[in-house]
Amino acid sequence: MSADPRHETLVRTWISHRVQFVLLAMLLCRAPGYAQLGPKPPCGKEPIPPYPGLDDSASVKSWSKSDFGPDWRPPACTGWAAVGFTTLVTTVARFRHTSEAEGLLRHIGAISELAGMRYWSTTHKRWQTLIVDSYALTDLQPAQRRQDFTPDEMKEGKLLYFEQVDNLSGKSVYRMHIAEASAERLVFDVENVSTVRYLFIPLLHPGEMQSIYFLDRESENVWRYYNIVRSGKTANQLIAGNEASWINRAVAFYRYLAGIPADQEPPAAR
């Protein structure tokens, strides 16, 4: 006996609707959970990505805009108001450091010692100098050079300015903000206050290149390191699509801060 055509139609319709409902439910359930997988600094909760082992290399990740959509909202504790990004890289690590927080502050404030820092150039496939020159400034005027910043100057809430000569983009002025400074935790952020250019082409307008660093004491001789580097969503698209270069630049600074040779093999990304 053949089945009733009307009954078969009703069954197919019911199945189709159920499948659509299940798929929609999966997407709705996935969306908020997936958003939680974005970078989360150590601000009262366990960070994402998590810290690697003490003897492991730094964990470095370049995040894709397709993961979050065009209007990714930075975690509140970064203090960043603008949404979205062109490039977004996190570097997470543990490292040994025998001096107190004051020693780390002195190292961070030694702006002139950044000159000569090396990184792996993915374009030239070799180690190259990343920062040609670097010096502290008395204010945001590039002509006002001064000695390196001292730990006594690097108090919570302090704004400090410096200028760097990059191997590709030339001179740019940056602002360093000391968000927290205690014996157990250091937090500071950096952003450009002058336009970053390449061959006279504007790449990043003021405030479009931001980085923030969280350093937390884990034990007497061990510190945790968490860094986010972001270029703004309206940055020149010439800088997009070269995540490996951003990774290597971020790792170069981590190695400098942790006392690891910046050009130590292997490079973070080739």
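Residues numbered from 1 in each chain as written. Predicted model: local features only at pLDDT ≥ 70, side-chain atom pairs only at ≥ 80, totals over all residues. Heavy atoms only, no water.

Some words on the side chain of H97
Then, in step 1: Positionally, H97 belongs in the loop between β2 (87-96) and α2 (101-109).
Then, in step 2: At 2.9 Å, the side chain of H97 forms a polar contact with the side chain of S99.
Then, in step 3: Those residues in contact with H97 that lie beyond four places of it in its chain are G103, L104, E220, N221 and W223. (Helix = DSSP H or I, 4+ residues; strand = E, 2+ residues; numbered from the N terminus. Polar contact = N/O pair within 3.5 Å; in protein donor to acceptor, adjacent residues only side chain to side chain. Contact = heavy atoms within 4.5 Å.)

Topic: the state of the cysteines
Then, in step 1: The full count for this structure, using the stated rule, is 1 disulfide.
Then, in step 2: For C43, the disulfide goes to C77, at an S-S distance of 2.0 Å. The S-S bond linking C43 to C77 shows a torsion near 75 degrees; that makes this disulfide right-handed. A residue pair is termed long-range when its members are at least 10 positions apart, and C43 in the loop between α1 (5-35) and β1 (59-62) and C77 in the loop between β1 and β2 qualify at 34 residues.
Then, in step 3: Classification of C77 as partly exposed rests on a relative accessible area of 35%. (Disulfide = S-S within 2.5 Å. Buried < 20%, exposed > 50% of the residue type's maximum accessible area, 1.4 Å probe, protein only.)

Thoughts on the packing of aromatic side chains
Then, in step 1: Here the structure, examined in full by the defined rule, presents 13 aromatic pairs.
Then, in step 2: Centroid distance W72 to F85: 5.7 Å. Interplanar angle 85 degrees. Geometry classified as edge-to-face. Separated by 13 residues along the polypeptide, W72 in the loop between β1 and β2 and F85 in the loop between β1 and β2 bring together distant segments of the chain. With respect to burial, W72 and F85 carry one shared label: buried.
Then, in step 3: Summarising the aromatic geometry, the rings of Y225 and Y254 are spaced 4.9 Å apart at their centres and angled 55 degrees between planes, so their arrangement reads as tilted. Of this pair, Y225 sits in strand β13 (residues 222-231) while Y254 is found in helix α3 (residues 243-258), placing the two residues 29 residues apart along the sequence. Here the two residues Y225 and Y254 agree in accessibility, since each one is buried.
Then, in step 4: Aromatic rings pair up to connect F95, F188, Y213, Y225, F253, Y254 and Y256 into one cluster.
Then, in step 5: The lysine or arginine in question, K61, covers the ring of W63, its NZ or CZ lying 4.7 Å from the ring centre. (Phe/Tyr/Trp six-rings, centres within 6.5 Å; stacked < 30°, edge-to-face > 60°. Lys NZ or Arg CZ within 6 Å of the ring centre and 35° of its normal.)

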